[in-house]
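Commentary on secondary and tertiary structure
Okay, here's what each chain looks like letter by letter:
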Amino acid sequence: MGLDSLFSPPSPEGDAALEALRSVFGYESFRGHQGEIIRHVIAGNDALVLMPTGGGKSLCYQIPALVRRGVAVVVSPLIALMRDQVTALRQLGVRAAFLNSSLDAGEAREVERAMTRGELDLVYVAPERLVTPRFLDLLDRTDLALFALDEAHCVSQWGHDFRPEYLQLSILHERHPTVPRIALTATADAQTRAEIAEKLGLTEARVFLSSFDRPNITYRVVAKNSERQQLLAYLRDNHPEDAGIVYCMSRAKVEDVAAWLSAQGREALPYHAGLPPEVREANQDLFLKSEGMVMVATVAFGMGIDKPNVRFVAHLDPPKSLEAYYQETGRAGRDGLPASAWMAYGMSDVVGLRQLLEQSEAGDAHRRVERGKLEALLGFCETAHCRRQVLLNYFGETLAEPCGNCDTCLEPVETWDGTVAAQKALSAVYRTGQRYGAGHLIDVLRGNATDKVVQQQHDRLKTFGVGNDLSKAEWQSVFRQLVAAGFLTVDVEGYGGFRLTDTGVTVVKGGRPVRLRKDPVAEKRRGVRDSLRRSAAGRGRGEGVSRGEGRGTLSPADDALWHALRACRLELARDQGVPPYVIFHDSTLLEMVAERPLDRHAFARLPGVGARKLDLYADSFLEVIHRHA
Ligand code: ADP
Ligand code: ZN
């Protein structure tokens, strides 16, 4: 293929969408529904796009914006998100700008003028600005290509990111009925989706629903014993140089863990809503613009983080629900390269979740919903089956086969008949008066005559010492699973002691068998370690990135080139004050390692290299490659 053919319509019918994909974005073909969606919008139709994070939503409106006449107006809820998108588009040579409160009046007027003159392809706008009379008037004077409503779940009052201004967006359609609209979201739950269509007046729009599976993410849940050491080992073994997020529940814990990781020699910063805005912004900026940084954060961090090479998301505390878990872990591996989701979860977490539920004062219906969500989360944590199947099933999707890329698939969990153990544990709870937590109960079961046991005369109970066959850790695991499964619940008023539930009583009476999982004793030292490089090595042999393990690692020469290319990218990024990934994604650098292009012609063929980036960056990277030839 000659250079010319790269920049002229490749298909006989001169498909403008494909032409833009190749020449501007440097990608060879559309993914999933992208092609269909893009052609549907180019033809002037409305679309509701439901696609997981990393699925490639942005192209679905960016390409129509380039192909259709006029300016595309993109509604986006966050300033950081707009800035990132515009930076990335400008790198591609696309005429893009944003309008939000970070601009002064003069700058804003400049953008408005460019809009009415048709000098822009895309304008990103904050929703509150969009519905002002001034902006509506501006729209009347602008030639409009389309409206894109990004993060459309913000319209849902019950969702996690409600933005009241989104409710007013139907005004766009009322005033400009012939301008096509495309709403996009990564929200996986059906209720929110229906609400989006209704509230945005898109019930007539064609719905494009993708699978919500994220095959490149490896899911792991480990039994918590010493969470910090476990986290450190996990990072050291799997992500020694990668950027990632560690979620914690409380602000104090965020700061502690960030400081501790730093003291252990990992670059780490804290992020939570209690930090001054300028600190938060600076930390976020550092995270985006560096390589290998760990962000320790509460859930205040994440929405609008477009960084494609977040390689892991770790939870030191359980998320609020499986929806939240899916959203939070979904921030890993946007670029499609191997990534991991890791959670440490233990007895105190289960107890905490149960207490939360017991305390909740919500009305019955609401409480039933909450209970359902909690049970689903616990079920995911405790499952002995494929975690991806459990997760997708929760969102109404069926995965026919176990995924082969989660801990329970990679290291199958044994289960055992825990009926007798459960009966012993539950009767220990009952006979001690339903007031004690696991520590004391285990002492009773294992026949430890501690002061407390003797004082309470629990050494005289029938259950005293009946549990010598299991270790302390095994009993911990039994109690955790009994609470998780709802045979025990937790007293909120007293000392957080366990109480039997109705189903727990059934178990004691022998009316119900109990199967338990055997927690893996030690974490194996494996995972997505160096999988990035493995995938590069695999590519060299003509394989794509896949979830397979054990492809071998990069040769020392390839490794050296990979680091040199990253250094080159970081320098180019710093010169311009932009995040490295807007220069090239990791996937493009890995292709450079695998293909080792030696001239512009070969360089142009790399995925992610369009006409403009070829111009801007080919020479710098080619020089590095030549040096390593
Ligand atoms: P989303 O907004 O759905 O989370 P993005 O639009 O950020 O996803 O795209 C995710 C990643 O996939 C980006 O790195 C993007 O460049 C890449 N990508 C999107 N479409 C394609 C394609 N057709 N071919 C190759 N890479 C693509
Ligand atoms: Zn699996």
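In this text, all values refer to a predicted model and were calculated from it rather than measured experimentally.

Focus: the coordination of the zinc ion (ligand 2)
Six octahedral donors around a metal ideally sit at 90 or 180 degrees from one another, while four tetrahedral donors ideally sit at 109.5 degrees. Bound to the zinc ion (ligand 2) are the protein donor atoms Cys386 (SG), Cys403 (SG), Cys406 (SG) and Cys409 (SG), situated 2.3 to 2.4 Å from the metal. Coordination at the zinc ion (ligand 2) comes from four donor atoms whose angles at the metal span 101 to 119°, giving a geometry best classed as tetrahedral. Donor residues binding the zinc ion (ligand 2) come from one chain and are separated in sequence as C-x16-C-x2-C-x2-C. Pair noted here: Cys386 is in the loop between helix H16 (364-382) and helix H17 (387-394) and Cys403 is in the loop between H17 and helix H18 (407-410), with a separation of 17 residues, a long-range link.

Comments concerning the domain arrangement of the protein
The domain architecture assigned to the protein consists of domain 1 (16-209), domain 2 (217-410), domain 3 (415-517) and domain 4 (554-627). Distance from the C-alpha centre of domain 2 to the C-alpha centre of domain 3: 30 Å. With 18 residues of domain 2 at the contact, the number on the domain 3 side is 19 residues. Each partner contributes to the roughly 1300 Å² buried at the junction of domain 2 and domain 3, and carbon and sulfur atoms together form 63% of this total.

Here we look at unusual backbone geometry
For Gln434, which is not glycine, the phi torsion reads 55° and is therefore positive. Take Gln434: it is sitting in the loop between helix H19 (419-431) and helix H20 (438-446). For Arg596, which is not glycine, the phi torsion reads 45° and is therefore positive. Looking at the secondary structure, you find Arg596 in the loop between helix H26 (586-595) and helix H27 (600-604).

Brief notes about the sheet that holds strand S11 (residues 294-297)
Strand order across the open sheet formed by six strands is S8-S13-S12-S9-S11-S10, with parallel pairing between neighbours. Taken across any chain shown, the strands that pair with only one partner, and hence form the sheet edges, are strand S8 (217-223) and strand S10 (268-271). The sheet shows a mean angle of 15° between the axes of neighbouring strands, taken without regard to direction. As paired elements, S8 and strand S13 (residues 339-345) share seven bridges and run parallel to each other. Each bridged residue has a counterpart across the sheet, and for Thr218 the counterpart in S13 is Ser340. Contacts from helix H13 (residues 277-289) reach strand S9 (243-247), S10, S11 and strand S12 (310-315) within the one sheet, and its direction differs from that of S10 by about 140°.

Here we look at helix H12 (residues 251-263)
Counted at 1.5 Å a residue, the expected span for H12 with its 13 residues is 18 Å, and the 18 Å between its end C-alpha atoms agrees. Buried residues belonging to H12 abut helix H11 (227-238), S10 and S11. A positive phi of about 95° marks Gly265, the residue just after H12.

Focus: the nonpolar core
Among the nonpolar cores identified, the biggest contains 126 residues, and Met115, Leu122, Ile182, Phe479 and Phe498 are the most heavily contacted of them. Among residues more than four places away in sequence, those in contact with Ile182 are Ile37, Val41, Ala47, Val49, Cys60, Tyr61, Leu146, Phe147, Ala148 and Leu149. Of all hydrophobic cores here, the second largest spans 45 residues; its members include Tyr247, Tyr271, Ala297 and Met592.

What about the sheet that holds strand S4 (residues 122-125)?
Strand order across the open sheet formed by seven strands is S3-S4-S2-S5-S6-S1-S7, with parallel pairing between neighbours. If you trace the sheet from one side to the other, it starts and ends with strand S3 (96-99) and strand S7 (206-209), each paired once. Strand after strand, the sheet turns through a mean of 20° between neighbouring axes, direction not considered. Taken together, the four bridges between strand S1 (residues 47-50) and strand S6 (residues 181-185) define a ladder with parallel strand orientation. Bridge pairing links Leu48 to Ala183 in S6. Along the sheet, helix H3 (residues 34-42) contacts S1, strand S5 (144-149), S6 and S7; its crossing angle with S7, the most-contacted strand, is approximately 160°.

Quick notes on the site of ligand 1
Contacts to ligand 1 come from 15 residues, most closely from Tyr27, Gly54, Lys57, Ser58 and His585. With respect to ligand 1, the side chain of Tyr27 contributes an N or O atom lying 2.6 Å from an oxygen atom. At 2.9 Å from a nitrogen atom of ligand 1 is found a main-chain nitrogen or oxygen belonging to Ser29. When isolated, ligand 1 has an accessible area of 560 Å², and the protein chains bury 84% of it. A per-element tally of the shell around ligand 1 places helix H4 (residues 57-67) first, with three residues. A breakdown of the residues in the shell around ligand 1 according to their chemical character gives four nonpolar, eight polar and three charged.

Section: the confidence of the model for the protein
Regions with low pLDDT should not have their predicted coordinates read in detail. In the predicted model, the protein carries a mean pLDDT of 89, and the fraction of residues at 70 or more is 92%. Counting contacts from residues 1-13, a segment whose pLDDT is below 50, to residues more than four positions away or on other chains yields 17 contacts. Throughout residues 523-552 the model reports pLDDT below 50, and contacts reaching past four residues in sequence, or to other chains, amount to 75 contacts.

Considerations on the packing of H19 against helix H22 (residues 472-484)
For the pair H19 and H22, the least separation of the axes is 10 Å and the interaxial angle reads 80°. Between H19 and H22, the crossing angle belongs to the class labelled roughly perpendicular. Within the contact between the two elements, H19 uses Ala421, Ala422, Lys424, Ala425, Leu426 and Val429 and H22 uses Trp475, Val478, Phe479 and Leu482. Residues that form the contact of H19 with H22 fall into these classes: nine nonpolar, no polar and one charged.

Some words on helix H10 (residues 190-199)
Along an α-helix, residues three or four positions apart point the same way, because every turn accommodates 3.6 residues. Among the residues of H10, those classed as buried are Thr192, Arg193, Glu195, Ile196 and Ala197. Looking at the buried side of H10, the elements it contacts are S1, S6 and S7. Phi for Gly201, located one or two positions after H10, is positive at around 65°.

What to know about the packing of H16 against H17
Relative to each other, H16 and H17 sit at 165°, their axes nearing to 9 Å. With respect to their mutual orientation, H16 and H17 come out roughly antiparallel. Note that H16 runs across H17; the crossing there is right-handed. Two secondary-structure elements touch here, H16 through Lys373, Ala376, Phe380, Cys381 and Glu382 and H17 through Arg387, Val390, Leu391 and Tyr394. Residue composition of the contact of H16 with H17, by class: six nonpolar, no polar and three charged.

Rules behind the numbers
- Residues numbered from 1 in each chain as written.
- Chains lettered and ligands numbered in written order.
- Predicted model: local features only at pLDDT ≥ 70, side-chain atom pairs only at ≥ 80, totals over all residues.
- Heavy atoms only, no water.
- Donors = N, O, S within 2.8 Å, 3.2 Å for Na, K, Ca; no water.
- Tetrahedral: all angles 85-135°; square planar, octahedral: opposite > 155°, others 65-115°.
- Helix = DSSP H or I, 4+ residues; strand = E, 2+ residues; numbered from the N terminus.
- Domains from an automatic or database assignment.
- Contact = heavy atoms within 4.5 Å.
- Buried area = accessible area lost by both parts, 1.4 Å probe.
- Pairing = 2+ DSSP bridges.
- Axes fitted to C-alpha atoms, helices over the stretch in contact; angles between N-to-C directions.
- Expected span 1.5 Å × (residues − 1).
- Core = buried A, V, L, I, M, F, W, Y, C linked by side-chain atoms within 4.5 Å.
- Buried < 20%, exposed > 50% of the residue type's maximum accessible area, 1.4 Å probe, protein only.
- Near = heavy atom within 4 Å.
- Polar contact = N/O pair within 3.5 Å; in protein donor to acceptor, adjacent residues only side chain to side chain.
- Areas by Shrake-Rupley, 256 points an atom, 1.4 Å probe, with all protein chains shown as cover.
- Nonpolar A, V, L, I, M, F, W, Y, C, P; charged D, E, K, R; others polar.
- pLDDT = per-residue confidence, 0-100.
- Parallel < 35°, antiparallel > 145°, perpendicular 65-115°, else oblique.
- Left-handed = near helix turned anticlockwise from the far one by under 90°.

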